[in-house]
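# A closer look at the structure
For reference, the chains in residue letters:
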Amino acid sequence: MSVSANRHERGRPIISRHAAIEPTSHAEIKLICGLNVPGAVSGGSAANFFVSFLRFVVNFTPPIGMKDERKTLEQREQMTDLERLRHSASHVLATAILKIWPEAQFAAGPPVENGFYYDVDLPHRISPDDFEKIEAEMKKEIKANHPFERIEVSRDEALQLGKKGRLAGLGERAEPSKFKLDIIENIPPDEKISLYRNGDFIDLCAGPHVMRTGNIGAFKLTTVASAYYKGDEKNPQLQRVYGTAFKTKKELDDYFAMLEEAKKRDHRKLGKELELFVLDDDVGPGLPMFLPRGAAIAEELEKLAKETEFAAGYQRVRTPDIARESLYKKSGHLPYYAESMFPPMELEDKLPSLSRPAGFQPAEEEGGQAARAPSQAGSLTSDRYYLRAMNCPHHHKLFAALPRSYRELPLRLAEYGTDYRYEKSGELFGLMRVRSLHMNDAHIYCTPEQFADEFNAVNEMYLKYFKLFGIEKYLMRFSTHDPARLGQKFVDEPELWRQTEEMTRNVLKNSGINYVEVPNEAAFYGPKIDVQVWSVIGREFTLATNQVDFAQPRRLELVYKDRDNTGKTPICIHRAPLGTHERFIGFLIEHYAGNFPLWLSPEQVRILTIGDDAKLIEYARSIVRELRAHQVRAEIDDSSDKINGKVQRAEQLKVHTMFVIGKRDLDADAVSVRVHGRGNLGAKPRSESIAEILQAIKERRP
RNA sequence: GCCGACGUAGCUCAGCUGGUAGAGCAGCGGUUUCGUAAACCGCAGGUCACGGGUUCGAAUCCCGUCGUCGGCUCCA
């Protein structure tokens, strides 16, 4: 799978306005964390959280198409009641902060998905320890029940007030309201400027607000973080105080209860409890290791992919995890992607005076980037190797390895390739964002005529998987190019762009897939589809990508002989429906809350013996032998614990099926079946129970 | 990468304003022979992330490093 270069095209990432439409490729799957918990979930205990949540997820439409413009007044008027309340809460927050630190300077204070924040510039570092104090002031302001008063002013009046420090202040101050003045500059000349006042606090604000501060029923400050003014790292860093607010105390309590419930599903927590994977400091950050129980899941996914792909006409290949620099120079990745790759290994065996110490350190003196820059040492014979960050160049080389005829196309090369990406430390996140990954990758080389069928088949595969895993909420983001930027951001092949986009669009339309079109976010080499999914606890991320590439095959001079005996360049489709093991397993853990279906379950069957009679133990062992002979992951618990203890341990590990066997079962050649989450299902003949297990696994029953 | 919080036994956590480091679970050794979510007794287990500093004395205070987590989109 290759990489969209657009993030690096202008030297810095292109960040769109909303997380839901951030340009992503599989390569740099940007994980959007935070919980998309519905603001307006009504009542209910933690128990119905997931019901509420699912309802929310189903109804949720990502705000596609939000552009770089400011919110219009019309859009503001559409703020929900809850958003108004939270917006007002942010003003109350600012009021409270000013009562304690009158010199505070405020920037923006909007409602957000799960609450509100206000960005503040203040020499004092606000810490959670300050929250109590701030909340106390907020409560006073709410109790005072001041009205939110809208005041329209001329631009000049607004500027005068800003210069006197009166905007986002309790009174006039020595320092001007610098951020507010900057904001006024950006208000279109034809737009009215308004202030909102509650008590002594006056803020530049377009509204809308609730009627009075007393309407803010319940609130709580949650966290403090830093944020750049206007999100630009060139701007000063501000302190962002987050909080949330609801109409009633009960709703607030429910919200925190939901967060607690969500935490229980967190893949990092479950991964530890269920012994699925570990991260070890000595191995390195972002380099997860799968324990046997987690590896079992990975193996099942691989088996699924191999079977599915084999049936779909893919051929498996195997390629190394490293390659010479020259490969990435030719493929065109290096300039775009070097900073996301681990620094190269330098092989300097041919050097005469090598005095490298045993603990060889790669050159990092000049900020690490030095090591990644092309070699300047002209006189030295050195060789650089990179750990690969993507598999496509290797696969392209396999395409090129043999003379290719149109008769061989489409050629579909698949590999569970291991890649290494030097993700920035702050972006690492459990299994979801890592530095070593195993990708369900394949590259399809085809002719333009074959493209639509191939692309459609890939999408069909996605849908098949979604169905299998019960993924109901997904969105395909179809990223297209901007013709005005051909030759700059996008390769200058107008006809190929037109054709592939048209073909892709038709495939999407005809298949009834849930998709949106996002202009100007294609990869430099072709249109792409990112698949976005929502885990049940509201994490949203790009799971997979499907990209059209008509540029790399040319760069690497891939050709096939066509009917007319001329050499032609194939179109390449990069696809990874199951994404990476790391991310997909992380997703599945949260999706299933660790309660995996039988076929995926790390431990499918556990035999629990009642007592340790020798005959009973031998009976248990014979069942395990039979199951294992059929490739079932079965274990036996013949410890000296009482049966209740064995049951509890198996339940806590979320073992899918338990066979409880005692003397009664031994005598009847039966097993008592207990299924995780469903309790005791009673005794059944041994052969029948085993047959059912085998059947459920074979069908990959949910 | 930047800002902030955090880092105590395998796990979950306690350890006040500096004075010999604790519990439960897991592990190990016994005893127990139990029919569906924890039988009992005992033992062992920690350079309090790492490195410096302050101090008579540091898990505790200060500095640095590493790691983890939360943010770093939605503007008045």
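Attention now moves to unusual backbone geometry. For the bond from leucine 409 to proline 410, the omega torsion is -5 degrees, close enough to zero to count as cis. Tracing the chain through its elements places proline 410 in the loop between strand S15 (404-405) and strand S16 (411-420). In this structure, glutamate 557 takes a positive phi of about 55 degrees despite not being glycine.

On to the nonpolar core, then. Generally speaking, a soluble globular protein has its nonpolar side chains buried in company with each other. Ranked by internal contacts, the top residues of the largest apolar core, which has 84 residues, are Phe469 and Phe659. Take this core: its biggest share by element is eight residues, from helix H15 (residues 448-469). Apart from the residues lying within four places of it in its own chain, the contact partners of phenylalanine 659 are Val605, Arg606, Ile607, Leu608, Ile623, Leu627, Val671, Ser672, Val673, Ser689, Ile690 and Ile693. Grouped together as the second largest cluster of nonpolar side chains are 31 residues, Trp101, Tyr118, Val120 and Cys205 included.

Do not read the fine detail of predicted coordinates wherever pLDDT is low. Summarising the model, chain A shows a mean pLDDT of 81, and 83% of its residues fall at 70 or more. Segment residues 1-69: pLDDT under 50, and 179 contacts once partners within four positions in sequence are set aside and those in other chains are kept. Taken together, the stretch residues 351-379 has pLDDT below 50 and engages in 23 contacts with residues farther than four places along the chain or on a different chain. For this predicted complex, the interface confidence comes out at an ipTM of 0.91, alongside a pTM of 0.82.

Attention now goes to helix H22 (residues 686-699). Between the first and last C-alpha of H22 there are 20 Å, a value that for 14 residues agrees with the 20 Å anticipated at 1.5 Å per step. Every buried residue of H22 is listed here: Arg686, Ser689, Ile690, Ile693, Ala696 and Ile697. All buried residues of H22 lie within an arc of 125 degrees about the axis, which places them on one face of the element. Structural note: H22 exposes Ser687 and Lys698 on the side pointing more than 90 degrees away from its buried face.

With that settled, the discussion passes to helix H4 (residues 81-100). Taking 1.5 Å as the rise per residue, H4 with 20 residues should run 28 Å; its terminal C-alpha atoms sit 29 Å apart, in good agreement. Taken across its 20 residues, H4 has 15 buried, putting it largely inside the fold.

Scanning the entire structure with this criterion turns up 17 aromatic pairs. Considering the side-chain rings of phenylalanine 469 and tryptophan 599, the 5.8 Å spacing of their centres and the 40 degrees angle between planes classify their relative orientation as tilted. Pair noted here: phenylalanine 469 is in helix H15 and tryptophan 599 is in the loop between helix H18 (581-592) and strand S25 (605-609), with a separation of 130 residues, a long-range link. The burial state of phenylalanine 469 is the same as that of tryptophan 599; both residues are buried. Taking 6.0 Å as the distance between ring centres and 65 degrees as the angle between the ring planes, the aromatic pair formed by tyrosine 592 and phenylalanine 596 counts as edge-to-face. As far as the burial class goes, tyrosine 592 and phenylalanine 596 line up, both buried. Counting every residue linked through ring pairs, the aromatic cluster contains Phe469, Phe584, Phe587 and Trp599. One residue, arginine 86, lies across the ring of phenylalanine 246, its end atom 4.7 Å from the ring centre.

Turning our attention to the pairing of strand S14 (residues 383-387). Regular strands have side chains that alternate between both faces of the sheet. As defined by bridge partners, strand S12 (residues 322-324) adjoins S14 across three bridges and the pair is classed as antiparallel. Within S14, the residue paired with arginine 324 across the bridge is tyrosine 385. Of the pairings in the sheet, the one linking strand S13 (residues 345-347) to S14 comprises three bridges and is antiparallel in character. By the bridge assignment, methionine 345 is partnered in S14 with tyrosine 385.

Our focus in this paragraph is the packing of H4 against helix H5 (residues 131-144). Packing of H4 against H5 brings their axes to within 8 Å, and their N-to-C directions diverge by 115 degrees. Crossing angle aside, the handedness with which H4 passes H5 is right-handed. Together, Ala89, Val92, Leu93, Thr95, Ala96, Ile97, Lys99 and Ile100 of H4 and Lys133, Ile134, Glu137, Met138, Glu141 and Ile142 of H5 make up the contact between the two elements. A class-by-class count of the residues in the contact of H4 with H5 yields nine nonpolar, one polar and four charged.

Criteria and thresholds
- Residues numbered from 1 in each chain as written.
- Chains lettered and ligands numbered in written order.
- Predicted model: local features only at pLDDT ≥ 70, side-chain atom pairs only at ≥ 80, totals over all residues.
- Heavy atoms only, no water.
- Helix = DSSP H or I, 4+ residues; strand = E, 2+ residues; numbered from the N terminus.
- Core = buried A, V, L, I, M, F, W, Y, C linked by side-chain atoms within 4.5 Å.
- Buried < 20%, exposed > 50% of the residue type's maximum accessible area, 1.4 Å probe, protein only.
- Contact = heavy atoms within 4.5 Å.
- pLDDT = per-residue confidence, 0-100.
- Expected span 1.5 Å × (residues − 1).
- Arc of directions from axis to C-beta.
- Phe/Tyr/Trp six-rings, centres within 6.5 Å; stacked < 30°, edge-to-face > 60°.
- Lys NZ or Arg CZ within 6 Å of the ring centre and 35° of its normal.
- Pairing = 2+ DSSP bridges.
- Axes fitted to C-alpha atoms, helices over the stretch in contact; angles between N-to-C directions.
- Left-handed = near helix turned anticlockwise from the far one by under 90°.
- Nonpolar A, V, L, I, M, F, W, Y, C, P; charged D, E, K, R; others polar.

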